[in-house]
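Next come the chains, spelled out residue by residue.
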Amino acid sequence: MAMARATSGLQYPERFYAAASYVGFDGSSPTKTLTSKFAKSTALLLYSLYQQASVGPCNIPEPSTWKLVEHSKWASWNQLGNMSSTEAMRLFVKILEEEDPGWYSRASNSVVEPVIDVQMNNSKVEPVIENGNSYPETKTISTQNGSEVGTQDKDIVVEGFGSVEVYDQWIAPPVSGGNPKARYEHGAAVVQDKLYIYGGNHNGRYLNDLHVLDLRSWTWSKIEAKTGVESPTTSIPCAGHSLIPWGNKLLSIAGHTKDPSESIQVKEFDLETAAWSTLKIFGKAPVSRGGQSVNLVGKTLVIFGGQDAKRTLLNDLHILDLETMTWDEIDAVGVPPSPRSDHTAAVHVDRYLLIFGGGSHATCYNDLHVLDLQTMEWSRPTQLGEIPSPRAGHAGVTVGENWFIVGGGDNKSGVSETVVLNMSTLTWSVVTSVQGRVPVASEGLSLVVSSYDGEDILVSFGGYNGRYNNEVYVLKPSHKSTLQSKIIENSIPDSVSAIPNVTNVESEFEAGHDADPPKSKGDLVSVLKAEKEELESSLSKEKQHALQLKQDLVEAESRNSDLYKELQSVRGQLASEQSRCFKLEVEVAELGQKLQTIGTLQKELELLQRQKAASEQAALNAKQRQSSGGVWGWLAGTPPPSRNADDA
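Here the structure is a predicted model, which means the values were calculated and not measured.

Definitions and cut-offs
Residues numbered from 1 in each chain as written. Predicted model: local features only at pLDDT ≥ 70, side-chain atom pairs only at ≥ 80, totals over all residues. Heavy atoms only, no water. Pairing = 2+ DSSP bridges. Helix = DSSP H or I, 4+ residues; strand = E, 2+ residues; numbered from the N terminus. Axes fitted to C-alpha atoms, helices over the stretch in contact; angles between N-to-C directions. Parallel < 35°, antiparallel > 145°, perpendicular 65-115°, else oblique. Left-handed = near helix turned anticlockwise from the far one by under 90°. Contact = heavy atoms within 4.5 Å. Nonpolar A, V, L, I, M, F, W, Y, C, P; charged D, E, K, R; others polar. Expected span 1.5 Å × (residues − 1). Buried < 20%, exposed > 50% of the residue type's maximum accessible area, 1.4 Å probe, protein only. Polar contact = N/O pair within 3.5 Å; in protein donor to acceptor, adjacent residues only side chain to side chain.

J.: How do you make sense of the sheet that holds strand β29 (residues 446-452) when you look at a structure like this?
T.: Sheet strands associate in pairs through backbone hydrogen bonding, adopting either a parallel or an antiparallel arrangement. Strand order in the open sheet formed by 3 strands is β29-β30-β31, with antiparallel pairing between adjacent strands. The open sheet terminates on both sides in strands that have one partner only, identified here as β29 and β31 (472-475). The average angle at which neighbouring strand axes cross in this sheet is 30°, direction not considered.

J.: Before we go on, may I ask you to explain the sheet that holds strand β24 (residues 384-385) in this structure?
T.: Strand order in the open sheet formed by 5 strands is β24-β28-β27-β26-β25, with mixed pairing between adjacent strands. Since the sheet does not close on itself, it has two edges, and those belong to β24 and β25 (395-399), each with one partner.

J.: Just to check I follow, could you spell out the packing of helix α3 (residues 40-54) against helix α5 (residues 85-99) for this structure?
T.: Interhelical geometry of α3 versus α5 gives an angle of 155° and a closest axis separation of 8 Å. Classified by the interaxial angle, the pair formed by α3 and α5 is roughly antiparallel. In terms of crossing hand, the pair formed by α3 and α5 is left-handed. In contact with T42, L45, L46, L49, Y50, Q52 and A53 of α3, α5 contributes S85, A88, M89, L91, F92, I95 and E99. Here the contact of α3 with α5 is composed, by residue class, of 10 nonpolar, 3 polar and 1 charged.

J.: Help me understand α5 in this model?
T.: The α-helix advances 3.6 residues per turn, and as a result positions three or four apart in sequence lie on the same side. The first and last C-alpha atoms of α5 sit 21 Å apart over 15 residues, in line with the 21 Å expected at 1.5 Å per residue. For α5, the complete set of buried residues consists of A88, M89, L91, F92, V93, I95, L96, E97 and E98.

J.: Any chance you could explain the side chain of H343 here in plain terms?
T.: Secondary-structure assignment places H343 in the loop between β19 (326-329) and β20 (344-348). According to the relative accessible area criterion, H343 is buried, its value standing at 6%. A distance of 3.3 Å separates a polar side-chain atom of H343 from the backbone oxygen of F304. If we skip the residues at most four places from it in the chain, H343 touches G291, Q292, S293, F304, G305, G306, I355, F356, G357, G358 and H394.

Shown next as C-alpha cells:
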C-alpha cells in the first residue's frame with residue numbers, strides 16, 4: 001500500500017475556536033467580517049451557532065422589532081433551543097467546511113501541527129479548485145478510540161469510512177472479504193445494515209449467486225442458499241430482476257432466464273433459514289419480463305413495463321397484494337409512458353408513482369411521468385431546473401423528498417452526472433459528476449440507501465461501462481441547504497416583511513450594530529394602520545368568498561334534493577314496471593299452458609272425427625248388402641223385388 005501524509009488537526013473545542021477565529025469571532029467586529037466572507041444567511045447561522053457554543057441557550061430578552069438586525073440575530077439564536085454546546089461546535093465547523101472547504105489549510109499559518117504518516121489504500125489526491133485557486137480539501141477524521149481528531153484529503157479513503165466528512169462525492173470505501181463476480185442487471189436490497197446482491201449478467205451468462213456486504217465492517221461474504229421446505233426451489237440464474245426487502249425476507253420478482261416461464265415468478269429468500277422458495281400467487285399473473293420497475297407501496301408491489309422473452313417492450317401496469325398474494329392488472333386513465341425497459345421509478349408520499357427515462361430498441365428517454373395511485377391517472381408534469389439527458393439502465397433511490405438518480409447510458413456513452421429530483425417541487429439539480437470510466441457511470445448498476453453514524457448514504461455496486469464492475473462506491477448526500485433554510489426561515493420575524501421601508505434585512509445585517517431604527521413612532525403607526533386596513537380588506541374579501549361558497553353549497557344541496565326526489569320517483573316507476581312485467585310473464589305462462597291444452601284437444605277431435613267417418617262408412621256398406629237379396633238369389637236367377645211391390 002502507498003504511504004500518504006495526513007495532517008492531524010486540533011481536537012475539540014480547540015478546533016472550534018480555530019474555526020471561530022478564522023471567520024472573525026476574535027473580538028474584532030465579527031458582523032462585518034462574517035458578511036464579507038459568507039452569504040448573509042450563512043453568516044446569521046454561524047453567528048447563532050457561535051453564541052450557542054460559547055454562551056449557551058438564548059436567555060436574553062427579545063429585542064425591539066425596530067432593531068431588525070438585533071431581532072434577527074436573537075431569533076436565529078433562540079431557534080436553536082437547548083442544543084448542546086458540543087453539537088453547536090461541530091455544526092459550526094461542519095458548515096464552515098461546506099462553505100469554505102480549504103479554511104483549515106489556510107488557517108494553519110497560525111496553528112502548529114505535527115505531521116504523521118498514515119497508510120492509505122489510495123494515494124491519489126486531487127486538489128479542489130475554488131475561485132481559480134488549487135488546494136487540497138481537508139475533512140475531519142476520528143480514530144477508532146476517539147482520542148484524536150485529524151484532517152484528511154477529500155479523495156483519500158482510509159479505514160473508518162463513516163467518520164470521513166465527505167459530502168456529495170462518490171468515494172470507494174475500503175472493503176474486505178471475497179468480492180462478488182463483476183456483473184450488471186443484478187438485484188440489490190438492504191436489510192438491517194446489510195447489502196444483499198443476487199444474480200445478474202456477466203459476459204452474457206446469467207448468475208444465481210447471493211452475496212452480502214456488512215455496511216458496518218464493509219466486509220463481503222457469500223451465502224450458501226438452501227432449499228425451502230414448504231415450496232422448495234433452487235435459485236435460477238437470472239438478470240434484469242428486482243430484489244425487494246419484505247420483513248426479514250427478500251423477494252425476487254421477474255427477470256430474464258435461460259428458459260423463461262410464461263408468467264412472472266416470485267421467489268422468496270428467508271434470511272433466517274437461508275432457503276429459497278417459490279410463492280404461490282393467485283390471479284392472472286403478468287407475462288414474464290426483465291428490466292421492469294418494482295416499487296413497494298404499503299403492502300403492495302407496483303410493477304410497470306419491461307421487456308418480455310420475445311423482446312417485446314411493455315408499458316402495462318400490475319399490482320401484487322402481498323397480504324393476499326393476488327395479482328391485479330390496472331387500466332389507468334390518461335396517457336401512459338411509451339413501452340420501455342431499464343427505466344427507474346420512485347414513490348412519493350405513498351401516492352404518486354414517478355417513472356423516469358428508460359429505453360426502447362433504438363431510443364433512450366428522459367421523460368417524466370406521474371401516476372396518481374388513488375385516481376389511477378397518468379400525467380406529464382412540468383419539470384424545473386436542468387432536465388437530465390436521455391438514459392437507460394440507470395438506478396435511483398429516494399431520501400425523503402429527494403430522488404437520486406445515478407448512472408445509465410444512451411447507447412453511446414455512460415452518464416457521469418449524479419442528479420437529484422425534488423419530488424415536491426419537481427426541480428432537477430446536479431449533485432456531482434465523475435470523470436472517466438468510473439463504475440457509477442455504468443449501465444445496469446444497483447443503488448440502495450442505508451445509514452451510517454446517523455447519516456444517509458447511497459451505496460452503488462456493479463454495472464457495465466465497457467467492462468463488468470464489482471466495485472462499491474458510497475456517497476453521502478448533503479442536507480446543508482435544508483438545515484439552513486429551515487433555521488433562517490424561522491429566524492426572520494413576520495413583522496419584518498410587513499414594513500415596506502425595509503426590504504432587505506441582509507443589507508441591515510451587513511451594517512452591523514449601526515443600523516438605524518425607523519425615524520419616528522408616527523411612521524410606524526401609519527405603517528401599522530396601512531397594514532391593518534389591508535388585512536381588513538383581505539378579510540372582507542375572504543368573507544365575501546365564504547358567503548359565495550355557502551350560496552353555492554345551498555344551491556348544490558337544493559339540486560341534490562331535487563335529483564334525489566327524481567331518483568325516488570324513477571325508482572317507484574321502475575318497481576311498478578317490474579311488477580307489471582312479472583304479471584305479464586305469469587299470464588304468458590298460463591296462455592302457453594292453455595295453448596298446449598288446445599293442441600291436445602284438437603288431436604283428440606281429429607281422432608274422433610276419423611272414428612265417426614269409419615263407423616258411418618261401415619253402416620252404409622251393411623245396408624247395401626241387405627238390399628241386394630243375397631248371393632243365392634243371384635245364382636238362382638230370381639230377380640230382386642221391385643221397389644213398388646215393397647212399397648205396397
